[in-house]
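Remarks on the overall topology
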Amino acid sequence: PVAAASWGSSCIIGTSPLSRSKSNLPQVAPAIAGIGVFRWDINIREATVLGLVGAGGIGLQLEASVATLAWPQVSVILLLILATVVVSEWVSARVRKAIT
């Protein structure tokens, strides 16, 4: 949480809005980084599901391969999706560990 006292006191002494936001950035940077990594992880998973329902994304090629019964291609796509999810989990865990 951003300290309300620091905001009010910086307004009284006449600092600019930019300097006030710079002074509060260290307080909110871990939360912003955590939310960003969390959304990135969710977006990777959602892209697969959206592709399966025909809206584009990672799952679109998977859907096309399943429709043509190209099982070797389906297995490669599933392994790539799994690898992408594992790498994203690893990156998000490293970022979460770094910000705490």
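See the structure shown above.
Residues numbered from 1 in each chain as written. Predicted model: local features only at pLDDT ≥ 70, side-chain atom pairs only at ≥ 80, totals over all residues. Heavy atoms only, no water.

**Topic: the overall build of the protein chain**
Regarding its fold elements, the protein chain presents 4 helices and 0 strands. For the protein chain, the succession of helices and strands along the chain, N to C, is α-α-α-α. Counting every position in the protein chain, which comprises 100 residues, the buried fraction comes to 19%. Long-range pairs, those at least 24 residues apart, make up 36% of the contacts in the protein chain between residues at least 6 apart in sequence. For the protein chain, the accessible surface area stands at approximately 6,900 Å², while carbon and sulfur atoms represent 74% of it. (Helix = DSSP H or I, 4+ residues; strand = E, 2+ residues; numbered from the N terminus. Buried < 20%, exposed > 50% of the residue type's maximum accessible area, 1.4 Å probe, protein only. Contact = heavy atoms within 4.5 Å. Areas by Shrake-Rupley, 256 points an atom, 1.4 Å probe, with all protein chains shown as cover.)

**Observations concerning the side chain of Ser65**
Position of Ser65 among the secondary structure elements: in helix H3 (residues 59-67). Apart from the residues within four sequence positions on either side, Ser65 is in contact with Ala70, Gln73, Val74 and Ile77.

**Points about helix H4 (residues 71-99)**
Here H4 is 29 residues long and its end C-alpha atoms lie 42 Å apart, about the 42 Å a rise of 1.5 Å per residue gives. Of all the positions in H4, only Val74, Ile77, Ile81, Val85, Ser88 and Ser92 are classed as buried. (Expected span 1.5 Å × (residues − 1).)

**Let's talk about the nonpolar core**
Ile44, Leu62, Val74, Ile77, Ile81 and Val85 form the largest nonpolar core, which has 6 residues in total. At 4 residues, H4 tops the list of elements feeding residues into this core. Not counting the four nearest positions on each side in its chain, Ile44 is found in contact with Ile58, Thr84, Val85 and Ser88. (Core = buried A, V, L, I, M, F, W, Y, C linked by side-chain atoms within 4.5 Å.)

**A short note on the packing of H3 against H4**
Two quantities define a packed helix pair, namely the angle between the helix axes and the distance between the axes. It is the contact of H3 with H4, at a shortest axis distance of 8 Å, that shows an interaxial angle of 155°. As judged from the angle between their axes, H3 and H4 are roughly antiparallel. In the packing of H3 onto H4, the handedness of the crossing is left-handed. Residues Gln61, Leu62, Ser65 and Val66 of H3 form the contact with H4, whose participating residues are Trp71, Gln73, Val74, Ile77, Leu78 and Ile81. The class makeup of the residues in the contact of H3 with H4 is 7 nonpolar, 3 polar and no charged. (Axes fitted to C-alpha atoms, helices over the stretch in contact; angles between N-to-C directions. Parallel < 35°, antiparallel > 145°, perpendicular 65-115°, else oblique. Left-handed = near helix turned anticlockwise from the far one by under 90°. Nonpolar A, V, L, I, M, F, W, Y, C, P; charged D, E, K, R; others polar.)

**Notes on a nonpolar patch on the surface**
A contiguous nonpolar surface patch, about 280 Å² in accessible area, is contributed by Leu50, Leu52 and Val53. Topologically, Leu50 is positioned in helix H2 (residues 17-52). (Patch = residues over 30% accessible without salt bridge, like charges linked within 9 Å, V, L, I, M, F, W, Y side chains within 5 Å. Salt bridge = Lys/Arg side-chain N within 4 Å of Asp/Glu carboxyl O.)

**Quick word on unusual backbone geometry**
The backbone of Leu69 sits at a positive phi, close to 60°, despite the residue not being glycine. Mapped onto the fold, Leu69 is located in the loop between H3 and H4.

Purely spatial values, then, with no claim about function.
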